[in-house]
Amino acid sequence: MDIRILNKNEIPPMDLLLLADPSIKIVEEYVNRGDCFIAEMDNEVIGVYVLLPTRPETVELVNVAVAEKHHGKSIGKMLVMHAVQKAKVEGFKTIEIGTGNSSIGQLALYQKCGFRITGVDIDFFIRHYEEEIFENDIQCRDMIRLSQDL
């Protein structure tokens, strides 16, 4: 598997990006402002993440997604660890990530990758998304914020 930055003339893999974030408008906005990285295997895009600088010395990992047929192969962990390393190389001091209260697997993954919970943005998904989101039979309402010092 190779991970590389998406070239400016390439179309972002919206099918994958929308697995992690159902809002086309929000995804397009942060893809245009951040750096999109893709994971490829045998000329197929199997994963994606986006790094978005937010404040001086701080970057946010705003989307991590893996094609469903490749779940369970530690690709998500490799993408997160690649993002952490990339942020370090680029000189950032802190990397942040947010995920839904219903995203049980993602919360575990991010903590295994060294992130610590720093806060909760109550009703984030109610305020910013028109459609209700359900995951693991739980309504996604709150954004769990995590960060890692680099």
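Residues numbered from 1 in each chain as written. Predicted model: local features only at pLDDT ≥ 70, side-chain atom pairs only at ≥ 80, totals over all residues. Heavy atoms only, no water.

A. Representation of the overall build of the protein within the structure. For the protein, the helix and strand inventory stands at five helices and nine strands. For the protein, the N- to C-terminal ordering of α and β elements is β-α-α-β-β-β-α-β-α-β-α-β-β-β. Against the globule reference of 15 Å for 150 residues, the protein gives a C-alpha radius of gyration of 15 Å, in line with a compact fold. With the C-alpha coordinates of the protein rotated into their principal frame, the extents come out at 35 × 30 × 30 Å. The buried share of the protein, taken over its 150 residues, is 43%. Restricting the contact set of the protein to residue pairs at least 6 apart, pairs at least 24 apart contribute 64%. Working note: accessible area of the protein is about 8,600 Å², and carbon and sulfur atoms make up 49% of it. Averaging the coordinates of the 16 positive side-chain charges in the protein and doing the same for the 24 negative ones gives two points 7 Å apart. (Helix = DSSP H or I, 4+ residues; strand = E, 2+ residues; numbered from the N terminus. Rg over C-alpha atoms; globule rule 2.2 N^0.38 Å. Buried < 20%, exposed > 50% of the residue type's maximum accessible area, 1.4 Å probe, protein only. Contact = heavy atoms within 4.5 Å. Areas by Shrake-Rupley, 256 points an atom, 1.4 Å probe, with all protein chains shown as cover. Lys, Arg positive; Asp, Glu negative; His and termini not counted. Charge placed at Lys NZ, Arg CZ, Asp CG, Glu CD.)

B. Spotlight on the sheet that holds strand E5 (residues 94-100). Spatially, E1-E2-E3-E4-E5-E9-E6 is the arrangement adopted by the seven strands of the open sheet, whose pairing is mixed. Edge positions in the sheet fall to strand E1 (2-5) and strand E6 (116-121), since each of these pairs with one other strand and no more. Along the sheet, successive strands turn relative to each other by an average axial angle of 25°, direction set aside. Packed on one face of the sheet, helix H2 (residues 24-33) meets strand E3 (44-55) and strand E4 (58-66) and runs near 75° to E3. The sheet contacts of helix H4 (residues 104-112) involve E4, E5, E6 and strand E9 (143-149), and relative to E5 the element is tilted by about 165°. (Pairing = 2+ DSSP bridges. Axes fitted to C-alpha atoms, helices over the stretch in contact; angles between N-to-C directions.)

C. Highlighting the pairing of E3. In the sheet, strand E2 (residues 35-41) pairs with E3 via seven bridges, with the strands oriented antiparallel. By the bridge assignment for E3, Ile-38 is matched with Val-48. Connecting E2 to the next strand, E3, in antiparallel fashion are two residues, including Asp-42 with a positive phi near 50°. Examined bridge by bridge, E3 and E4 share eight bridges and lie antiparallel to one another. By the bridge assignment for E4, Tyr-49 is matched with Val-64. Here E3 folds back onto E4 in antiparallel fashion, the turn holding two residues, of which Glu-57 has a positive phi close to 65°.

D. Highlighting the nonpolar core. Counting residues in each nonpolar core, the largest one holds 25 residues, and the members touching the most others are Leu-61 and Phe-115. Breaking this core down by element, the ones donating at least two residues are E2, E3, E4, helix H3 (75-89), E5, H4 and E9. The dominant element in this core, judged by the number of residues it contributes, is H3, at six residues. Not counting the four nearest positions on each side in its chain, Phe-115 is found in contact with Val-80, Val-84, Ile-95, Glu-96, Ile-97, Tyr-110, Leu-146, Ser-147 and Gln-148. (Core = buried A, V, L, I, M, F, W, Y, C linked by side-chain atoms within 4.5 Å.)

By themselves, these figures tell us nothing about what the structure is for.
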